[in-house]
Amino acid sequence: MDKKTILDYETVDIDLEKKELIIIDQTLLPGKTEIIRLGTAKQMWDAIYLLQVRGAPAIGVFAAMGLYILATQIETDNYVIFYNEFKLQRDYLDSARPTAVNLHWALNRMDRLVQSMENEPVSDILEALKNECLAIKQEDINVCKQIGEYGLSLVKPGDGILTHCNAGQLATCKYGTATAPIYLGHERGYNFRVFADETRPLLQGARLTAYELQSAGVDVTLICDNMSGMVMRNGWVQAVFVGCDRVAANGDTANKIGTSVVAAVAKRYNVPFYVCAPTSTIDMNTPNGAGIRIEQRKPEEVTDMWYKQKMAPEGVKVFNPAFDVTDNDLITAIVTEYGIARAPYTESLKEIFDRKNAK
Ligand code: MRU
């Protein structure tokens, strides 16, 4: 019998009977695969903040399922009391991380549903919330597959592909976004050679991307973040695929810290730089990258984490933003589930949403 790999686990799941969320604790990967169950608002908030669950789409699915579970814990038949408590829980989960818009998007989608059922019994609202969070998860799988198909049309067999951070299955419910073309190509014998940036300071590339791609049998080579210039200059990379946490209306894109450096290097060596973006990550209400709030994290992630001993002088000033913004002129195309958008993005992204709304 084939051995179970990390890809055989659900990134985010729900136990509908016990009303618990089930996730892989991603902080322990790749050394340990520990499945954890969460039932309280505090446990859910911590899981998002501590990156036990991470990646924009996965956080969205997690939050929607979490909010449903928290809604079942509200003991009332009265809509007004129910909605007031529901809103408090929604806002609490929404405060866990600021940059990935999917968190807000998924919670808002659940909220809109509750508001549309003002005159219905609370029991019916709960049933609808359950179906909505399950739908959000299924949609994520379909969306990633479609992004994979569009992404695959941009590369050819034997290509070298570089990716940064983890926009893989561990960041979504299946396929990933930036890894979706890689997985689909792998199934179809494309024999890609993938370079995974380790992604300081939290090592999502080393711990997660290299791990999941290797588990799938993909030819993956781990490099330090400061090596992407060399591999591109050597001609080993024909395309960069990255994920994103929020795309502004003009195509400026926030993704894991270091992404903008990769984009600048790719431009220098004429390597196309593709951002894989579910429409749930595109925020047409934010005009440009300047409006995207960037999460700042603890200095210890830079100075201490992963090291046996402190690797920086005590008390040194540390700048530790979790994300950076890649300017739209460095982006060759944005690959969505409704097609591929190219500059000028203010127009092409609108067309993507027109296509979505016409469905
Ligand atoms: O801090 P993380 O690990 O949540 O950051 C994840 C990323 O930056 C991903 O590239 C992004 O969320 C897209 S995941 C499909």
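Notes on the structure in this doc start here. Keep in mind that this is a model prediction, so the values were computed, not measured. (Residues numbered from 1 in each chain as written. Predicted model: local features only at pLDDT ≥ 70, side-chain atom pairs only at ≥ 80, totals over all residues. Heavy atoms only, no water.)

1. Notes on unusual backbone geometry
Here is step 1: The omega torsion across L29 and P30 is 5 degrees, close enough to zero to call that bond cis.
Here is step 2: Residue position: P30 is located in the loop between β2 (20–24) and β3 (35–38).
Here is step 3: A cis geometry characterises the amide bond from R200 onward to P201, with omega recorded as 0 degrees.
Here is step 4: Phi angles above zero are rare outside glycine, and K19 is one such case at about 55 degrees.
Here is step 5: Relative to the elements of secondary structure, K19 occurs in the loop between β1 (12–15) and β2.
Here is step 6: With phi around 70 degrees, L51 is a residue other than glycine that occupies positive phi space.
Here is step 7: Within the secondary structure, L51 is located in the loop between α1 (41–49) and α2 (56–72).
Here is step 8: Given the relative accessible area of 7%, L51 is considered buried. (Helix = DSSP H or I, 4+ residues; strand = E, 2+ residues; numbered from the N terminus. Buried < 20%, exposed > 50% of the residue type's maximum accessible area, 1.4 Å probe, protein only.)

2. With respect to empty space enclosed by the protein
Here is step 1: In the structure shown here, the tally under the stated rule is 2 cavities of 30 Å³ or more.
Here is step 2: Estimates place the volume of the largest cavity at around 190 Å³.
Here is step 3: Taken together, 24 residues line the largest cavity, and the ones lying closest to its centre are R54, G55, A56, N166 and D245.
Here is step 4: The dominant element in the lining of the largest cavity, judged by the number of residues it contributes, is α2, at 3 residues.
Here is step 5: Here the lining of the largest cavity is built from residues that sort into 11 nonpolar, 9 polar and 4 charged.
Here is step 6: Counting residues domain by domain, the lining of the largest cavity receives three or more from each of domain 1 (6–144) and domain 2 (154–358).
Here is step 7: Of the voids in this model, the second largest cavity is the one considered here, and its volume is about 30 Å³. (1 Å grid on protein atoms, 1.4 Å probe; cavity = no way out; pocket = protein on both sides within 12 Å on 5 of 7 lines; lining within 4 Å. Points joined across faces, edges and corners; volume = space filled by probe spheres on them. Nonpolar A, V, L, I, M, F, W, Y, C, P; charged D, E, K, R; others polar. Domains from an automatic or database assignment.)

3. Details of the pairing of strand β7 (residues 239–242)
Here is step 1: Burial of the side chains of β7 extends over both faces: A239 and F241 are buried on one face and V240 and V242 on the other.
Here is step 2: Of the strand pairs in this sheet, strand β4 (residues 160–163) and β7 are connected by 2 bridges, and their pairing is parallel. By the bridge assignment, L162 is partnered in β7 with V240.
Here is step 3: With 3 bridges joining them, β7 and strand β10 (residues 273–276) adopt parallel strand pairing. Bridge pairing in β10 places V242 opposite V275. (Pairing = 2+ DSSP bridges.)

4. Here we look at the sheet that holds β7
Here is step 1: Sheet architecture is open: 7 strands sit in the order β6-β5-β4-β7-β10-β13-β14, paired in mixed fashion. Either end of the sheet is taken by a strand with one partner, and the two such strands are β6 (219–223) and β14 (339–341). Neighbouring strand axes in the sheet, compared pairwise and without regard to direction, differ in orientation by 25 degrees on average.
Here is step 2: Relative to strand β5 (residues 193–197), β4 runs parallel, the two being bridged by 4 bridges. Paired with G160 across the strands is R193, a residue of β5.
Here is step 3: Where helix α9 (residues 259–268) meets the sheet, its contacts fall on β4, β5, β7 and β10, and the angle it forms with β10 comes to roughly 145 degrees.
Here is step 4: Strands in contact with helix α11 (residues 345–358) are β13 (333–336) and β14; relative to β14, the strand with the most contacts, it is inclined by about 160 degrees. (Axes fitted to C-alpha atoms, helices over the stretch in contact; angles between N-to-C directions. Contact = heavy atoms within 4.5 Å.)

The values reported here are purely geometric and, on their own, carry no functional implication.
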